[in-house]
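An overview of the molecular structure
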Amino acid sequence: MTSTDDGDRAVDRFEAARNTVLQHRDGGTCLHCQTGGCGQHAWAIGELAHHPGGLKLLRQLGFSIPSDESTEEGQPR
């Protein structure tokens, strides 16, 4: 595996998304934040919404994410 392959692993995307959402908790910011908003934060929410563990985290943080049966464990996306 090369270093360019490392960033495309699902576990790495999940962890990056998780960290970004946690940085924005309680009005916080990240390095990607700009005056008009944060595209990284929007990406992170979308990424986490594709994983059961991510959905759980989003709900714990107060996001109202509609349930999508295809994200249930054992179900294909």
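Quick notes on the rules
Residues numbered from 1 in each chain as written. Predicted model: local features only at pLDDT ≥ 70, side-chain atom pairs only at ≥ 80, totals over all residues. Heavy atoms only, no water. Salt bridge = Lys/Arg side-chain N within 4 Å of Asp/Glu carboxyl O. Helix = DSSP H or I, 4+ residues; strand = E, 2+ residues; numbered from the N terminus. Buried < 20%, exposed > 50% of the residue type's maximum accessible area, 1.4 Å probe, protein only. Disulfide = S-S within 2.5 Å. Polar contact = N/O pair within 3.5 Å; in protein donor to acceptor, adjacent residues only side chain to side chain. Core = buried A, V, L, I, M, F, W, Y, C linked by side-chain atoms within 4.5 Å. Contact = heavy atoms within 4.5 Å.

**What to know about the pattern of salt bridges**
Applying the stated criterion to the full structure yields three salt bridges. R9 is paired through a salt bridge with D12; the nearest N and O atoms lie 3.1 Å apart. With its nearest N and O atoms 3.3 Å apart, the salt bridge here joins E15 to R18. Within this pair, E15 and its partner R18 are both found in helix α2 (residues 10–24), separated by three residues, close to a single helical turn. With a relative accessible area of 30%, R18 lands in the partly exposed category.

**A look at the state of the cysteines**
A complete count under the given rule lists zero disulfides for this structure. Left unpaired, C33 is separated from the closest cysteine sulfur, that of C38, by 3.8 Å. Take C33: its relative accessible area is 26%, and that puts it in the partly exposed class. Here C38 is not cross-linked by a disulfide; its sulfur's nearest cysteine counterpart is in C30, at 3.7 Å. Take C38: its relative accessible area is 16%, and that puts it in the buried class.

**Describing the side chain of H51**
Structurally, the position occupied by H51 is in the loop between α3 (39–48) and α4 (52–60). With relative accessibility at 18%, the residue H51 sits in the buried group. Reaching out from H51, the side chain makes a polar contact with the side chain of E47 at a distance of 3.4 Å.

**Things to note about the nonpolar core**
Formed by A17, V21, A44, I45, L48, L55, L57, L58 and I65, the largest nonpolar core amounts to nine residues. Among the secondary structure elements, those contributing two or more residues to this core are α2, α3 and α4. In this structure, I45 is in contact with V21, L58, F63 and I65, ignoring residues within four places of it in sequence.

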